[in-house]
Amino acid sequence: MALDACSPDVLELAVAEAEKHWGRRMTGVFHLSRVASHRHVGENTKESLDAVLAPKILGTAAVAELLIRRPDSFGVVFSSATALYGSYLMGAYAAASSIQEAYCWTLRANHGVDLRCWSWSMWDCDDSRERHYQMRDLAQAKGFDVLSPAQGLACIDAAFGHDQMDMYIGYCPIDAHQEVNARAFARREETLSEPAPCCTPHAQAAETSARIDTEAIVLHVLRTVLDLDEIDQDDSFIDLGGDSLTVLQTVHALETALNCTLTPDAVLFQSVRQLVTALRQKLEHPTSGE
Ligand SMILES: NC(=O)c1ccc[n+]([C@@H]2O[C@H](COP(=O)([O-])OP(=O)(O)OC[C@H]3O[C@@H](n4cnc5c(N)ncnc54)[C@H](OP(=O)(O)O)[C@@H]3O)[C@@H](O)[C@H]2O)c1
């Protein structure tokens, strides 16, 4: 049945009809509607923003209304990890995802509804492989896995096994959550050959993402500029085959990615590990040493 998920009345009517048809109350509801328009931030109009925001925000409100009338039911909102790491050409979608996350907390706090918010990294499908290669690159540089269909299904099991309501799925910085994921994967091991992705609570992801991002970004930049598969963090830039031309490309790429200023010396004459540490200190205390 096709319907407008932004309309609480339409949604209520459809669910009530389904409950009548099946002779039982709704157990749970998944919110998946979105509009993904691709434009630079400055090219947005009120109409284009409304179109992207509505299914995420009004749709989440409509789901909450269903749950308020059915306190024994659960709701799961599929948000996007772009809420945490942003997006190229999909800024409105990243903003909508971020608002959607915050809105879930508010609805839970105000109405006591069982409304979970799972913010996914990217799903691997022909469509995303073709069209969104830049987003895939950015997601992976930030520590997010691109999930196969089997991994996605296993993550649903893992996420239901968590006591956390808000999670980033496919973001893997914290070992403590491996156990829950491992249990879910054990149930699906016959279908899954890839390594386990993670479910990480929103709050912990936000705390660790800046720290992990710095290392991920440095490694990503070095791999790209120097065309290397592996980076030994004890090697210097020169050890890795860098030269006066590639050092300028590296400085420029790091300055752009981390929004800071750097000298070529800082990149040339220390190990990758020392560079990461120095950059973290610089980003945490931007005015010291200047
Ligand atoms: N795909 C990914 O890699 C990915 C990653 C992270 C998070 N997610 C999240 O997962 C969810 C599903 O993603 P997806 O890739 O399956 O999205 P999708 O292929 O773009 O499909 C979105 C669906 O939402 C429907 N929709 C939009 N506005 C609606 C409305 N007002 N009422 C009812 N339906 C409406 C669209 O219907 P029409 O076709 O009729 O317009 C479309 O069928 C989304 O919430 C997305 O944010 C996806």
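Residues numbered from 1 in each chain as written. Predicted model: local features only at pLDDT ≥ 70, side-chain atom pairs only at ≥ 80, totals over all residues.

A separate point is the overall build of the chain. If you tally the helices and strands in the chain, you get 12 helices and seven strands. Scored against the burial criterion, the 290 residues of the chain give a buried share of 32%. For the chain, the share of sequence-separated contacts (at least 6 apart) that also reach a separation of at least 24 residues comes to 68%. (Helix = DSSP H or I, 4+ residues; strand = E, 2+ residues; numbered from the N terminus. Buried ≥ 20, exposed ≤ 12 C-beta atoms within 10 Å, placed from the backbone. Contact = placed C-beta atoms within 7 Å.)

Time to look at the nonpolar core. Counting 39 residues, the largest nonpolar core has Val-63, Ala-81, Leu-115, Trp-118 and Ile-169 as the members making the most contacts within it. When residues of this core are traced back to their parent elements, those giving at least two are helix H2 (46–69), strand S2 (74–80), helix H3 (82–85), helix H4 (91–111), strand S3 (114–120), strand S5 (146–147), helix H7 (149–161) and strand S6 (166–169). Per-element accounting of this core gives the leading share, seven residues, to H4. The next biggest cluster of nonpolar side chains, apart from the first, holds 12 residues, and it includes Ile-217, Val-225, Val-272 and Leu-279. (Core = buried A, V, L, I, M, F, W, Y, C linked by C-beta atoms within 7 Å.)

On to the site of the ligand. What surrounds the ligand is a group of 15 residues, the closest being Ala-5, Ser-33, Phe-78, Trp-120 and Trp-123. Looking at the shell around the ligand, the elements with two or more residues in it are S2 and strand S4 (122–123). For the shell around the ligand, a count of residues per class yields 10 nonpolar, three polar and two charged. (Near = placed C-beta within 6 Å. Nonpolar A, V, L, I, M, F, W, Y, C, P; charged D, E, K, R; others polar.)

Here the chain shows a mean pLDDT of 82. Residues at 70 or above account for 78%. Long-range and interchain partners of residues 174–195, a stretch whose pLDDT sits below 50, account for 32 contacts in this model, where long-range means more than four residues apart. (pLDDT = per-residue confidence, 0-100.)

Position of Phe-30 among the secondary structure elements: in strand S1 (residues 28–31). Distance from Phe-30 to Leu-115, taken between C-alpha atoms, is 9.6 Å for residues 85 residues apart in sequence. Contacts of Phe-30, omitting those with residues within four sequence positions, involve Val-76 and Phe-78.

Moving on, we come to helix H12 (residues 272–284). Here H12 contains 13 residues, and its C-alpha end-to-end distance of 18 Å stays within 8% of the 18 Å for a straight helix at 1.5 Å per residue. When we look at burial in H12, the residues that qualify are Val-272, Leu-275 and Leu-279. Around the axis of H12, the buried residues are gathered within 55 degrees of arc, so they sit on the same side. (Expected span 1.5 Å × (residues − 1). Arc of directions from axis to C-beta.)

You can see Gly-152 is positioned in helix H7. On the basis of neighbour count, Gly-152 is assigned to the partly exposed category, with 17 C-beta atoms found within 10 Å. On a C-alpha basis, the gap between Gly-152 and Ile-169 in space is 8.7 Å, while along the polypeptide they are 17 residues apart. Leaving out residues up to four positions away in the same chain, Gly-152 has contacts with Trp-123 and Leu-147.

Our focus in this paragraph is helix H1 (residues 8–22). A rise of 1.5 Å per residue sets the reference length of H1, with its 15 residues, at 21 Å; its end C-alpha atoms lie 21 Å apart and thus fit the reference within 8%. In the segment just after H1, Gly-23 is the residue with positive phi, at about 70 degrees.

Glancing now at the packing of H2 against H4. Contact pair H2 / H4: the axes reach a minimum separation of 9 Å and the direction vectors enclose 20 degrees. One element, H2, and the other, H4, form an angle in the roughly parallel class. H2 and H4 meet at a crossing whose hand is right-handed. Taking contact as the criterion, the partners of Ser-48, Leu-49, Val-52, Leu-53, Lys-56, Ile-57, Thr-60, Ala-64 and Ile-68 in H2 are, on H4, Ala-92, Tyr-93, Ala-96, Ser-97, Ile-99, Gln-100, Tyr-103, Cys-104, Leu-107 and His-111. Among the residues making up the contact of H2 with H4, the classes are represented as 13 nonpolar, five polar and one charged. (Axes fitted to C-alpha atoms, helices over the stretch in contact; angles between N-to-C directions. Parallel < 35°, antiparallel > 145°, perpendicular 65-115°, else oblique. Left-handed = near helix turned anticlockwise from the far one by under 90°.)

Turning next to the packing of H1 against H2. Packing of H1 against H2 leaves a shortest axis separation of 9 Å and a crossing angle of 45 degrees. When the axes of H1 and H2 are compared, the pair comes out oblique. The two elements H1 and H2 cross, and the hand of that crossing is right-handed. In this structure, H1 uses Pro-8, Leu-11, Glu-12 and Val-15 to contact H2, whose residues at the interface are Ala-62, Glu-65 and Leu-66. Split into classes, the residues belonging to the contact of H1 with H2 amount to five nonpolar, no polar and two charged.

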